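Descriptive structure summary
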Amino acid sequence: MDQATSETDAELRQNGLGDLALLHDHLISYISFLLNLEDVIRLSCCSKILRVFACEEPLWLGLCLKQEEGVIDYKANWRQTALATYTAKPVPPAAIEAAARPLPSLPGLSSFFLYKRWYRCHVDLASFLPPPEAPTVDRVPAATMSPTEFFQRYDKPAMPVLLGGLMNSWPVSSWSLPALSAAFPSSLFKVSKPHGGRALMTLHAYVDYMARQADEEPLYVFDATFAEAAPGIRKLYDVPHVFTKDYYAELGAARPNFRWLVLGPARAGASWHVDPALTSAWNALLSGRKRWALYPPHVAPPGVPLDDDGEEAHTSDDGLTSLQWFLEVYPTLPPGIRPIEFVQNPGEVVFVPGGWWHCVLNLETSVAVTQNYVGPANLNRVIRYMADGSSTYHAAPLPYYDTVREVTVWAEKYPHLTAARGEQVGAMDTSEGGEEVAVVAEEEDEKRRKIEGEEEERVEGGQKQRWSGSRFPKRQCYEEE
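What comes next is a walk through the structure. For clarity, every value in this text was computed on a predicted model and none was experimentally measured.

What follows concerns the environment of Y247. Here Y247 shows up in the loop between helix 12 (226-229) and strand 6 (259-264). Spatially, the C-alpha atoms of Y247 and L379 are 7.6 Å apart, while their sequence positions differ by 132 residues. With residues up to four places along the chain from it excluded, the contact list for Y247 reads V374, G375, P376 and L379.

Listed below in C-alpha cells is the structure:
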C-alpha cells in the first residue's frame, strides 16, 4: 500500500468515522448489526465510509431475516428485500427501487476485513478440492453388497465410507430442480438462516434466490418435514438396503427428526458437528458435488470450541461456517492434524458412523437426502449417550467405543489421527502383530469397565445420579485465531 493510499484511507476514516476510527472494522460491522433497520438507514446517511458499512449485504440479510419469520420473497438483493417487506412504516417505492442498484465504489478505502468478507461471498469453489495427499475414505461399489458385509466392514468398526450403486433404482431425473419445482409448486420448505432459525420458501422462489444471491452463508434447504410438506416426494427414493435395520423407527411417533432434504448452492453446507445422540447417518447425493472433512470421535476439530455448561455440550452457535473453516483454519494445519477428506459425487452415498465429527461444503448447487438411524452396531452406545448426556460424552468419548473393534481399526487406517491432541490412544506401528495396540486396548477396556461399574453403583435417594467424574482429560478445543 503506497503512502498516498494510506493517507487517503486515514482521511476517510478520520473524517467519516470520528472516534469510531479507533475501532477495528470487525467491531464497526458488529455494532451496525445491533441496530434496527431505521437506524441503519440513518447511519448510511452520516458519511461515505459509514454508508459502505451500512449497505453491506450480510448486514441487510440479518435485518431482513430478523423481521421476516414467514415466507421469504427474495428481491434483487437483501437490502431491497428488507425494505420491501418492512411494515413498521411505509417505505417509498422509489427507495425500494433504488435499493436494487449496487453501491458506488469508494476510492481510497482499504479494509482487509471487508475484502475477506467480499471474497467469501464470491469465491469460485469449482476447483476447491482436497489436496492429493489428503487422507481419505474407501470408495466401494455396494449395489451387490449384503447388509452383513456392510456391517462387518464398516458399521461394526464405525468406519466412514463412500458407497456407490445404492441409488440405481432412484428416478434421478425427478430430482432435478425444474422437475421438483414443477411437481411441488406450492409446497413450502424450511430453509436454514445464518446464525440459526428457519424460514419458509417455495422451491420456485428458492431456485430464483440461488440464481441471484451472492451470500457468504446462503439460505439452505435443510428440511426435516419435507415428506409432509411435499406429499409424494417420499416415493422418489428408497432407503438403501444396507441401512434398513433401524431401531430408531421403534420409537414411532416419539422418534426425533431423522431425515432431511438438503438442497443449496455453492458455499452452503454444514459446519463441524456430531450427529444427534451418536446416531449414524447416510447421505445420498443426487446432483452437485460436496467436499467433506471428518475427524474420529475423540479428535476435536481445530478451531471448533465446545460450549459446555456441565449438563449439555455442543458446538458454538457463533462458530465458523464450513467455508470459513476451510479458508481460515485448514491452511494453518500441519499434516499431522489434517482431517480425513473427500469429494462426494452424484450417485454416491456417504456413511457417517455415530460420533464422527464432520463438516460439509457445497462446491456447486447440490441436492441430497440424508437420514439418521440406529443400527445393531451403535444401539448400546446411543442408549448410553441418552442416559449420560452430551457433556459426559464429550468429556471422554473413547469409553463409548470398543478399543479393539473400533479405535484400533481407526489407528490402522488413519495413524496420524490416533492421538487425542497429543495423547496416544492406539499404536502407530502395527506391523509386528499389534502387540502395542493390544496393550492400549486392554488398558482402555479396563478403564471403561471401571467407569461402567461406578455408574451402576451411583444410586442415591432411589434415583440414578448422572456420573460426572472422568479419568480422561477433556479434549482440547482450539479457539479461533
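The next point concerns the pairing of strand 8 (residues 280-287). Note on strand geometry: in a regular strand, side chains alternate between the two faces of the sheet. Counting buried residues in strand 8 gives 7 out of 8 residues, a clear majority hidden from the surface. Direction of pairing for strand 8 relative to strand 15 (residues 366-373): antiparallel, over a ladder of 7 bridges. Note on strand 15: the bridge partner recorded for A281 is N372. Sheet topology note: the strand 8/strand 13 (residues 348-352) ladder contains 4 bridges and is antiparallel. Its bridge partner being in strand 13, A284 is matched across the sheet by V349.

Here 9 strands make up an open sheet; going across it, the order is 1-2-13-8-15-6-5-3-4 and the pairing mixed. The open sheet terminates on both sides in strands that have one partner only, identified here as strand 1 (138-141) and strand 4 (198-202). Ignoring which end each strand starts from, the neighbouring axes of this sheet average 30 degrees apart.

This brings us to helix 2 (residues 25-33). Within helix 2, the full set of buried residues consists of D25, I28, S29 and S32. The buried side chains of helix 2 occupy one side of the element, clustering within an arc of 100 degrees when seen end-on.

It is worth spelling out the environment of V360 at this point. Mapping V360 onto the fold places it in strand 14 (residues 357-362). When the C-alpha positions of V360 and G269 are compared, they lie 5.2 Å apart, and in sequence the two are 91 residues distant. Residues contacting V360, with those up to four places away along its chain left out, are A268, G269, A270, K290, R291, W292 and S322.

Reading guide: rules and limits
Residues numbered from 1 in each chain as written. Predicted model: local features only at pLDDT ≥ 70, side-chain atom pairs only at ≥ 80, totals over all residues. Heavy atoms only, no water. Helix = DSSP H or I, 4+ residues; strand = E, 2+ residues; numbered from the N terminus. Contact = heavy atoms within 4.5 Å. Buried < 20%, exposed > 50% of the residue type's maximum accessible area, 1.4 Å probe, protein only. Pairing = 2+ DSSP bridges. Axes fitted to C-alpha atoms, helices over the stretch in contact; angles between N-to-C directions. Arc of directions from axis to C-beta.

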